[in-house]
Structures are given as C-alpha cells and as structure tokens.
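Examining the three-dimensional arrangement
This is what each chain is made of:
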Amino acid sequence: MMDDDDDLILSPLDAGAAGLPPSRGEGCLARFDPDELTDEMGADFGSLFQLEE
C-alpha cells in the first residue's frame with residue numbers, strides 16, 4: 001500500500017534555504033546594506049545613532 005505522499009521526493013535544499021541580504025562594497029570592505037535590513041531579519045540598529053554622536 002503506497003500513499004501519494006510517498007511518491008513526493010523533497011529536496012533538502014528547497015526546504016530551508018536562507019538568502020543573504022544585499023551588501024555594499026566589495027572584497028574585504030563588503031558589508032550588509034543597513035538600509036535593506038529589517039527587524040524581521042534580526043537587525044536592530046536602535047543604538048547606532050547614539051554611537052555616531
């Protein structure tokens with residue numbers, strides 16, 4: 001007895017693929033673009049402006 005679910009082959013690469021956010025710069029100066037980062041990505045720049053003063 002076979003289920004229809006048994007016929008479905010899932011790729012492990014499709015299940016949990018994460019992508020990198022956009023970056024600025026190249027080579028050793030490359031960094032994530034802070035304008036493109038969101039709270040949903042885990043970015044919290046709330047105290048950044050205090051450091052710049």
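Reading guide: rules and limits
Residues numbered from 1 in each chain as written. Predicted model: local features only at pLDDT ≥ 70, side-chain atom pairs only at ≥ 80, totals over all residues. Heavy atoms only, no water. Helix = DSSP H or I, 4+ residues; strand = E, 2+ residues; numbered from the N terminus. Buried < 20%, exposed > 50% of the residue type's maximum accessible area, 1.4 Å probe, protein only. Areas by Shrake-Rupley, 256 points an atom, 1.4 Å probe, with all protein chains shown as cover. Salt bridge = Lys/Arg side-chain N within 4 Å of Asp/Glu carboxyl O. pLDDT = per-residue confidence, 0-100.

What follows covers the overall build of the protein. A tally of helices and strands in the protein yields 3 helices and 2 strands. What you see in the protein, going N to C, is helices and strands ordered as α-α-β-β-α. Counting every position in the protein, which comprises 53 residues, the buried fraction comes to 8%. For the protein, the computed accessible surface area is about 5400 Å², with 54% contributed by carbon and sulfur atoms.

The subject of this paragraph is the pattern of salt bridges. By the definition in use, this model includes 2 salt bridges. Linking Arg24 and Asp33 is a salt bridge whose minimum nitrogen-to-oxygen distance equals 2.9 Å. Accessibility expressed as a relative area gives 32% for Arg24, which makes it partly exposed. Judged by relative accessible area, which is 12%, Asp33 ranks as buried.

For the protein, mean pLDDT is 75; residues scoring 70 or higher make up 70% of the total. In the model of the protein, helix H1 (residues 4-7) stands out as the element of lowest mean pLDDT, 59, in contrast to strand S1 (residues 23-24), which has the highest, 92.

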